[in-house]
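Analysis of the macromolecular model
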Amino acid sequence: SGEQRAESAPAPTGIREIDTLRDALVHSRTRVDELLQRERSFSSQVSHQLRTPVAAMRVAIETELAVPRHDPREVLRESVGQLDRLESTITSLLALARDTHRTPEERDVAAWLRDRVSIWDAAAAAAGRTITVAGAPGRVAIDAEAVGHIVDVLIDNALRHGRGQVTVIATRVDG
């Protein structure tokens with residue numbers, strides 16, 4: 001923590017030039033510590049976000065090998081959907097890692113969200129569940145790629161770990 005860093009930093013000497021150098025080094029150390037923590041957190045998130053669609057493809061393909069369906073193209077369509085998700089995840093994570101600034105675009109959030117959620121219809125149906133969208137916040141400036149990635153993670157988690165109908169609610173929050 002910052003308090004521990006301050007305690008472990010050398011005490012000021014009373015000599016302006018040395019204390020200025022000390023302060024710069026303490027600040028640099030704090031910044032490096034923060035960057036390392038950010039990198040560790042990012043690496044953990046990347047690992048999870050990349051493994052999820054890969055695991056879904058593996059399960060679908062292994063299931064198809066064990067118990068083939070009448071139409072083998074179904075597993076290929078499911079895998080292509082997961083590959084699309086994986087590609088989108090990689091693009092989003094690379095942009096985040098590069099701290100690329102993307103300009104939010106104005107969208108009809110309800111329509112955009114219904115469209116985004118529709119890519120999960122097959123997975124929900126396979127799980128015997130449904131996904132609905134509620135709320136109508138109107139037109140809002142959003143980073144569709146970043147928000148889409150968040151929506152995908154939330155729906156994937158809901159389908160994997162929840163029960164019953166999944167409802168995605170869009171609400172306008174000012175500020």
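As a starting point, this report considers the structure included with it. Bear in mind that the values here come from a model prediction, so they are computed numbers and not experimental data.

Criteria and cut-off values
Residues numbered from 1 in each chain as written. Predicted model: local features only at pLDDT ≥ 70, side-chain atom pairs only at ≥ 80, totals over all residues. Heavy atoms only, no water. 1 Å grid on protein atoms, 1.4 Å probe; cavity = no way out; pocket = protein on both sides within 12 Å on 5 of 7 lines; lining within 4 Å. Points joined across faces, edges and corners; volume = space filled by probe spheres on them. Helix = DSSP H or I, 4+ residues; strand = E, 2+ residues; numbered from the N terminus. Nonpolar A, V, L, I, M, F, W, Y, C, P; charged D, E, K, R; others polar. Salt bridge = Lys/Arg side-chain N within 4 Å of Asp/Glu carboxyl O. Buried < 20%, exposed > 50% of the residue type's maximum accessible area, 1.4 Å probe, protein only. Axes fitted to C-alpha atoms, helices over the stretch in contact; angles between N-to-C directions. Parallel < 35°, antiparallel > 145°, perpendicular 65-115°, else oblique. Left-handed = near helix turned anticlockwise from the far one by under 90°. Contact = heavy atoms within 4.5 Å.

A look at the layout of surface pockets
If you add up the space inside the largest pocket, you get close to 880 Å³. Surrounding the largest pocket, 30 residues form its lining, Ala-56, Glu-78, Gln-82, Trp-120 and Ala-123 being those nearest its centre. Looking at the lining of the largest pocket, the elements that each hand over two or more residues are α2 (16-66), α3 (73-97), α4 (109-118), α5 (121-126) and α6 (144-161). With eight residues, α3 is the single largest residue contributor to the lining of the largest pocket. Classifying every residue of the lining of the largest pocket by side-chain character gives 14 nonpolar, five polar and eleven charged.

Side note on the pattern of salt bridges
Applying the stated criterion across every chain yields a total of twelve salt bridges. The partner of Arg-107 in a salt bridge is Glu-105, with the nearest N and O atoms 3.1 Å apart. Taking relative accessible area as the criterion, Glu-105 reaches 44% and is therefore assigned partly exposed. A single salt-bridge network, built from bridges that share partners, covers Glu-64, Arg-69, Glu-74 and Glu-78.

Structural notes on the packing of α2 against α6
Where α2 meets α6, the closest approach of the two axes is 12 Å, and the angle between their N-to-C directions is 50 degrees. Relative to α6, the element α2 is oriented oblique. By crossing handedness, the relation of α2 to α6 is classed as left-handed. Residues Gln-49, Thr-52 and Ala-56 of α2 pack against His-149, Val-153, Asp-156 and Arg-160 of α6. Looking at side-chain class alone, the contact of α2 with α6 contains two nonpolar, three polar and two charged residues.

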